[in-house]
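Each chain is listed here by its residues.
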Amino acid sequence: MPVMDAPDAKKSPQGSRALLLSALIGGVFCACMLALGDGSQTISRAIGAIYVLLNSAWLPAVYLLGSLGLGRGCCSIWNAKPADRLPTRWIIELGLGFTLMLSCSHALGVLGWLNPMTAWSVTSFGIALLIPELFTRGKSIDRALGRLRLTIPGIACMLGCTVAVLAATSLPGTLWESEFGGYDALSYHLELPREWLEGGRIETYQHNVYSFLPGYIEASYLHMAHLANAPAQTDNGLSGFLSNDARALMASQLLSAMLLIVSVLAIGGVVDRVSALYLHGEHRASSSIARVLVACTPWFVVVGSLAYNELGVVFLAIAAYGVVIERTYSISTRSILAGLIVGGACSCKPTAIFLLAPSVGVILLAAIPPRQWYKPIALCTIFGLLTIAPWLARNHIAAGNMVFPQLHALLGDGHWTDAQHALYSSAHRFEGSLLDRALMLVLPDSTGTHHVSQFRGWTNLQWGMVPIVGLVGLGLLLSRIRTHRLGFLLAIACLLPMLGWMMLTHLQSRFLIPIAPVLIGAGALGITHLKSCMTRRGVTIGVSALSVSALVYITGSQVGGNPFVMLAPGQEPWTDAINTIAEPGETVYLLGDASPLYRRSPIVYNTVYDHWLIEDAIALNPEKPEQWTAWLIDQGIDVIVVSFSEIDRFAHSGWLPDSIDPEPFHEWIDTLGEPIYVWVHPQTNTANSAAFRITHD
């Protein structure tokens, strides 16, 4: 990654020198990044990062190696001899294998059969399929290492991936500002696997609506926890994900970081392949720009260092593009592979159905006459549905609606009321005309109160150089006679999912991530087909420098300029105050907060869209708040943690349940007595949350 291939195929000592110099540059850069903020903690942070990597990184590495083996074994079914020499062979095989591995993790988890033995059996089987490659590919790898050269784009890629890895070794919940400290990871990407591990199987929960999403990436976290032989709970009641110095927890974040690195390598290979097939391989610099944009664009690093599902979609998107452009495979083979891989992306994040599938379909169908479109469309649909069918079946059994909570008017309400569906729908759609939606893509929203709500589209600073390079590159492709057909195809492949983003989402900038790979590829191909060699070189260096600068600036501004909070050996920062206040076995009710990851079981919580336990108490005694406490005691609640900041935010957004009137609700809180613990906002010095013990003596 820090280096690029030179045309000379002979082994050269320059490759070793390039690796050593890259390691030196990377080490100095790591030291500088870890010194941000409190420089006195540089050494302890470095020790913490190294320890996390040694303790946890082998889990996602094993998972991905097993995926590659499964993909290689399945691709051998087609046994296309020319495919053995494809430069993008590994990308396609890993894309297919990752889809299959995710599907196995999910299926075994749903059946309750995912345990250390089955997790290792599936993973080991995949790795065993790779063993023959060790004897046939060793010399090729050795020659490739000898051809490595140090380049500016290569250094930029290395630095971008280094930031992602450092961020991924930071404690979950500390980064990033745009994600409110990774709140989504704490509330469901990591919390659901925690509950699945404790419950012994993957299932849906009426207190967490996100459990009705496909959850295939989250299933991989559960799979890795079993690879690590994590217990359901530790001896002190914490999640097994926190055992062995949070080995499984940190592995979940490191899987995203590894998928980012793989995506950086993969997009360069696919762009090179497009250039070779359709542009006569004129300029290899296009792959350099594409790699830099994936490695150094802040949005990719943000989601590539959190336990999020976006990087699964990004890599599978790149793999799907690698399939559909490949002339070596027949159209039927391309259709089957693309259907499976896109289905895998939709199983990671269902918005890929309209943010990825249209662009893959456009590129696939462009290669054949319209009268023959019916066959690839049918094959893609059938094999894509095969991938997501287990999720659809799980939801149908649990809620009577296979895509719950979507399409409830057509397929059923499930366990939700009309009010809950209306709340969820209003929070996940944008109110505005088509023009308003289009403007949101390219202009900031003046009504937004936070940079996440203000900069919803490509104007978000975390997109770095992607919009500029993409639009300029597309314009250059369209302006040249030799490339205008390719430019038109890529423009359509970008436009269709953007329309889906405008019409079917609530217009958050992060939701554009599945669209970015095709825009990056188009921009890189266009930019590097400038006539002047000096101009191309200058643009490549400029994009690399600006991308790294933007990434370092945004990273350095996190957490008050002190971004990295590493996990030192033996350290337990998740020893939350509640874990010390509540006695073992006491049940804690989180009222307003939905991120119980670090708190000891038993615990009761709900997302804002789900049914609140306090609603039942209010329904029984609507005019007697003093009776609500007695009812909660009857339900086994011992400690209530009230999140004032979250409840106020919900009230301001109109998200509180109709039965919760703020005035009597606050009167009831006053009856709970003196809090046993108060969490204070460090800047405003006001109470964020407070804990109350309600068990009668």
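The preceding data block contains the structure.
Note that the structure is predicted; figures quoted are calculated from it, not measured. (Residues numbered from 1 in each chain as written. Predicted model: local features only at pLDDT ≥ 70, side-chain atom pairs only at ≥ 80, totals over all residues. Heavy atoms only, no water.)

Got a minute to help me understand helix 27 (residues 533-556) in this structure?
In an α-helix, one full turn covers 3.6 residues, which means residues spaced three or four apart are oriented alike. With 24 residues, helix 27 should cover 34 Å at 1.5 Å per step; its first-to-last C-alpha distance of 35 Å lies within 8% of that length. For helix 27, the complete set of buried residues consists of Arg536, Thr540, Val543, Ser544, Ser547, Val548, Leu551, Ile554, Thr555 and Gly556. (Helix = DSSP H or I, 4+ residues; strand = E, 2+ residues; numbered from the N terminus. Expected span 1.5 Å × (residues − 1). Buried < 20%, exposed > 50% of the residue type's maximum accessible area, 1.4 Å probe, protein only.)

What should I look at first to understand the environment of leucine 238 in this one?
Structurally, the position occupied by leucine 238 is in the loop between helix 11 (216-227) and helix 12 (243-278). It is 8.7 Å that separates the C-alpha atoms of leucine 238 and leucine 597, two residues lying 359 residues apart in sequence.

Help me understand the sheet that holds strand 6 (residues 677-680), please; the structure alone is not making it clear to me.
Two strands in a sheet stick together by hydrogen bonds in their backbones, pointing the same way (parallel) or opposite ways (antiparallel). An order of 4-3-5-7-6 is seen for the five strands of this open sheet, with the pairing classed as mixed. For this open sheet the edge positions go to strand 4 (603-604) and strand 6, each flanked by a neighbour on one side alone. Both strand 6 and strand 7 (residues 687-693) contribute to a ladder of four bridges, which runs antiparallel. Looking at strand 7, one finds that valine 678 is bridged to alanine 690. The strands touched by helix 31 (residues 644-653) within the sheet are strand 3 (588-591), strand 5 (639-643) and strand 7, with strand 5 carrying the most contacts at an inclination of about 50°. (Pairing = 2+ DSSP bridges. Contact = heavy atoms within 4.5 Å. Axes fitted to C-alpha atoms, helices over the stretch in contact; angles between N-to-C directions.)

It is not clear to me how the pattern of salt bridges should be interpreted in this structure. Could you clarify?
Two side chains carrying opposite charge are able to pair once their charged atoms lie near each other. Applying the stated criterion across every chain, the model contains 13 salt bridges. Glutamate 93 serves as the salt-bridge partner of arginine 72, at 2.5 Å between the closest nitrogen and oxygen. With arginine 72 in helix 3 (residues 58-75) and glutamate 93 in helix 4 (residues 89-111), the pair connects residues that are 21 residues apart, well separated along the chain. Pair check on accessibility: arginine 72 and glutamate 93 agree, each one buried. As a salt-bridge pair, arginine 510 and glutamate 310 come within 2.6 Å of each other at their nearest N and O atoms. Of this pair, arginine 510 sits in the loop between helix 25 (484-504) and helix 26 (516-527) while glutamate 310 sits in helix 15 (residues 310-324), and the two are 200 residues apart along the sequence. Under the relative-accessibility criterion, glutamate 310 is labelled buried at 2%. (Salt bridge = Lys/Arg side-chain N within 4 Å of Asp/Glu carboxyl O.)

Hey, could you run me through the state of the cysteines in this one?
Each disulfide is one covalent bond, formed between the sulfur atoms of two cysteines. Under the defined criterion, the tally for this structure stands at zero disulfides. Take cysteine 75: it sits in no disulfide, and the sulfur closest to it among the cysteines is that of cysteine 74, at 7.2 Å. Taking the relative accessible area as the measure of exposure, cysteine 75 reaches 11% and is therefore buried. Cysteine 104 takes part in no disulfide bond, and the closest cysteine sulfur, belonging to cysteine 74, lies 8.9 Å away. Relative accessible area serves as the criterion here: at 30%, cysteine 104 is assigned to the partly exposed category. (Disulfide = S-S within 2.5 Å.)

Looking at this model, I keep getting lost on the nonpolar core. Mind explaining?
Buried together is how nonpolar side chains tend to be arranged in soluble globular proteins. By size, the foremost hydrophobic cluster in this structure holds 207 residues, and its most contacted members are Leu591, Tyr609, Ile614, Leu632 and Trp668. The greatest single-element share of this core, amounting to 17 residues, is contributed by helix 12. Dropping the residues within four chain positions of it, leucine 591 is found in contact with Trp612, Ile614, Ile640, Val641, Val642, Ser643, Ile647, Phe665 and Trp668. Ranked by size, the runner-up nonpolar core spans 13 residues in total, among them Ala577, Ala582, Leu590 and Val641. (Core = buried A, V, L, I, M, F, W, Y, C linked by side-chain atoms within 4.5 Å.)

Mind showing me how you'd approach the side chain of arginine 273 here?
Topologically, arginine 273 is positioned in helix 12. According to the relative accessible area criterion, arginine 273 is buried, its value standing at 16%. Sequence-distant contacts of arginine 273, defined by excluding residues within four places in its chain, comprise Leu86, Pro87, Thr88, Ile325, Glu326 and Thr328.

How should the environment of histidine 223 be read in this particular structure?
For histidine 223, the position within the fold is in helix 11. On a C-alpha basis, the gap between histidine 223 and alanine 248 in space is 9.4 Å, while along the polypeptide they are 25 residues apart. When near neighbours in sequence (up to four residues on either side) are disregarded, histidine 223 contacts Tyr63, Met101, Ser105, Leu114, Ala119 and Thr123.

I keep staring at helix 31 and nothing clicks. Help me out?
Listed in full, the buried residues belonging to helix 31 are Glu646, Ile647 and Phe650. The buried residues of helix 31 occupy an angular sector of 100° when projected down its axis, which confines them to one face. Looking at the buried positions of helix 31, the neighbouring elements they touch are helix 9 (183-189), strand 3, strand 5 and helix 32 (662-670). The first or second residue beyond helix 31 is glycine 654, which carries a positive phi of 75°. (Arc of directions from axis to C-beta.)

Sorry if this is basic, but what is going on with the pairing of strand 3 here?
Within a regular beta strand, the side chains point alternately toward one face of the sheet and then the other, so they alternate between its two faces. What you see with strand 3 is no split at all: Val588 and Leu590 on one side and Tyr589 and Leu591 on the other are buried throughout. Across two bridges, the pairing between strand 3 and strand 4 is parallel. Across the sheet, the residue bridging to tyrosine 589 is valine 604, located in strand 4. Alignment of strand 3 against strand 5, held across four bridges, turns out to be parallel. Looking across to strand 5, one finds that leucine 591 is bridged to valine 642.

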